[in-house]
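Descriptive structure summary
This is what each chain is made of:
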Amino acid sequence: MKPLESSKFWKVTKEKLRELKELDDLLEKEIIDTRQILALVKDGIVNPEIYFSSNKKILWILKEANDTEIGEDGYIGNWDLRGFLKDDVTKYKFWRRTYLPIVYSSWSILNDCCDWSKIADYEDDPTILEILQNIAIINIKKLPGRSKSNESEISSAYRKHKQLLHKQIELIDPDIIIFGGTIHHFIDELKIPRESISRNSFYDDGRRIYIDNYHPNQRLIKRQDYCEHNIESVKACSKTDFT
């Protein structure tokens, strides 16, 4: 990147970060649990400097954060998913179920969609977790949930906070969106053709790739098959211009 281009790039990026911070503040005001038990779990770009410098910007859209423990402040929630992923995701007892598929898929996509056999196993090379610094993750429901999500609650959260969620996507500005069992909420507003998704489980509009997949913590297919669907979808859309 040339100096002038770099200067412009970071000026735009700083403006996006300012707007994302304002959106965080707005979410705190808008998303209130009337029972005063649950509190907002913030989400988004894990490490903005690394994310906006990545050759492909990947956003994962999931359902809700899993949290059932009451904190010292008396609330369930009231923490930041970005900080959790940035600091040490392994502190969460069941982190492998959700986050290893995200790690393996993202690592391959950001490394020329390399084959599954070339992805390092976490047990052999824990540094592979550093790829979490390159991505963004958001949940539809910003209040914490249980180990098994309630689809009616997720749908209600989407309808109620649709504008804020789409503003979040706009500012995160991903090249690739991987939906973890959530694409049906966004398909109309993002103008994703239903027939393309039903046929291929992915859609490429020439600027962005949309991938339909199960939630990463699924039990229906092998982890390798789950990751390879994400990887092969990006490979199939190799003509997309990510610049």
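Everything that follows concerns the structure shown earlier in this document.
Residues numbered from 1 in each chain as written. Predicted model: local features only at pLDDT ≥ 70, side-chain atom pairs only at ≥ 80, totals over all residues. Heavy atoms only, no water.

**Notes on the pattern of salt bridges**
- Tallying each qualifying case throughout the model produces 21 salt bridges.
- When the shortest N-O distance is used, the salt bridge between Asp 173 and Arg 207 registers 3.7 Å. Here Arg 207 lies in the loop between strand E7 (202-204) and strand E8 (209-213) and Asp 173 lies in the loop between helix H6 (162-172) and strand E6 (176-180), a separation of 34 residues in the sequence. (Salt bridge = Lys/Arg side-chain N within 4 Å of Asp/Glu carboxyl O. Helix = DSSP H or I, 4+ residues; strand = E, 2+ residues; numbered from the N terminus.)

**Considering the pairing of strand E1 (residues 38-42)**
- Within E1, four of the five residues are buried, leaving the element largely enclosed by the surrounding structure.
- Bridge count for E1 against strand E4 (residues 76-80) is four bridges, and the pairing is parallel. Each residue of the ladder has a partner; that of Ala 39, found in E4, is Gly 77. (Buried < 20%, exposed > 50% of the residue type's maximum accessible area, 1.4 Å probe, protein only. Pairing = 2+ DSSP bridges.)

**Notes on the packing of aromatic side chains**
- The final tally for this structure, using the stated rule, is eleven aromatic pairs.
- Arranged with centres 5.9 Å apart and planes meeting at 75°, the rings of Trp 79 and Phe 84 form a pair that is edge-to-face.
- Relative to Phe 94, the ring of Tyr 92 has its centre 6.2 Å away and its plane inclined at 80°; by these criteria the two rings are edge-to-face.
- On the basis of relative accessibility, which here comes to 25%, the residue Tyr 92 falls in the partly exposed class.
- We classify Phe 94 as partly exposed; its relative accessible area is 35%.
- Aromatic ring contacts, followed pair by pair, group Trp 79, Phe 84, Tyr 92, Phe 94 and Tyr 99 into a single cluster. (Phe/Tyr/Trp six-rings, centres within 6.5 Å; stacked < 30°, edge-to-face > 60°.)

**Concerning helix H9 (residues 223-236)**
- Between its first and last C-alpha, H9 extends 20 Å over 14 residues, near the 20 Å set by a 1.5 Å rise per residue.
- Those residues of H9 that fall on the buried side of the exposure criterion are Tyr 226, Cys 227, Asn 230, Ile 231, Ser 233 and Val 234. The arc that holds every buried residue of H9, seen down its axis, measures 155°, which confines them to one face.
- Looking at the buried side of H9, the elements it contacts are strand E3 (58-66), helix H4 (95-109), E6, E7 and E8. (Expected span 1.5 Å × (residues − 1). Arc of directions from axis to C-beta. Contact = heavy atoms within 4.5 Å.)

**Remarks on the layout of surface pockets**
- Here the largest pocket defines a volume of roughly 1,200 Å³.
- Around the largest pocket sit 37 residues that line it, and Ala 65, Asn 66, Asp 67, Tyr 92 and Arg 146 are the ones nearest its centre.
- Contributing elements (two or more residues each) for the lining of the largest pocket: E3, E4, helix H3 (81-87), H4 and strand E5 (135-145).
- Among the elements that take part in the lining of the largest pocket, E3 stands out by supplying five residues, more than any other. (1 Å grid on protein atoms, 1.4 Å probe; cavity = no way out; pocket = protein on both sides within 12 Å on 5 of 7 lines; lining within 4 Å. Points joined across faces, edges and corners; volume = space filled by probe spheres on them.)

**Some remarks on the sheet that holds E5**
- On the basis of which strands lie adjacent, the open sheet formed by six strands has the order E2-E5-E3-E6-E8-E7 and mixed pairing. Either end of the sheet is taken by a strand with one partner, and the two such strands are strand E2 (44-45) and E7.
- As judged from the four bridges shared by E3 and E6, these two strands associate in the parallel manner. Across the sheet, Ile 58 pairs through a bridge with Ile 176, a residue of E6.
- The strands touched by H4 within the sheet are E3, E5 and E6, with E3 carrying the most contacts at an inclination of about 175°. (Axes fitted to C-alpha atoms, helices over the stretch in contact; angles between N-to-C directions.)

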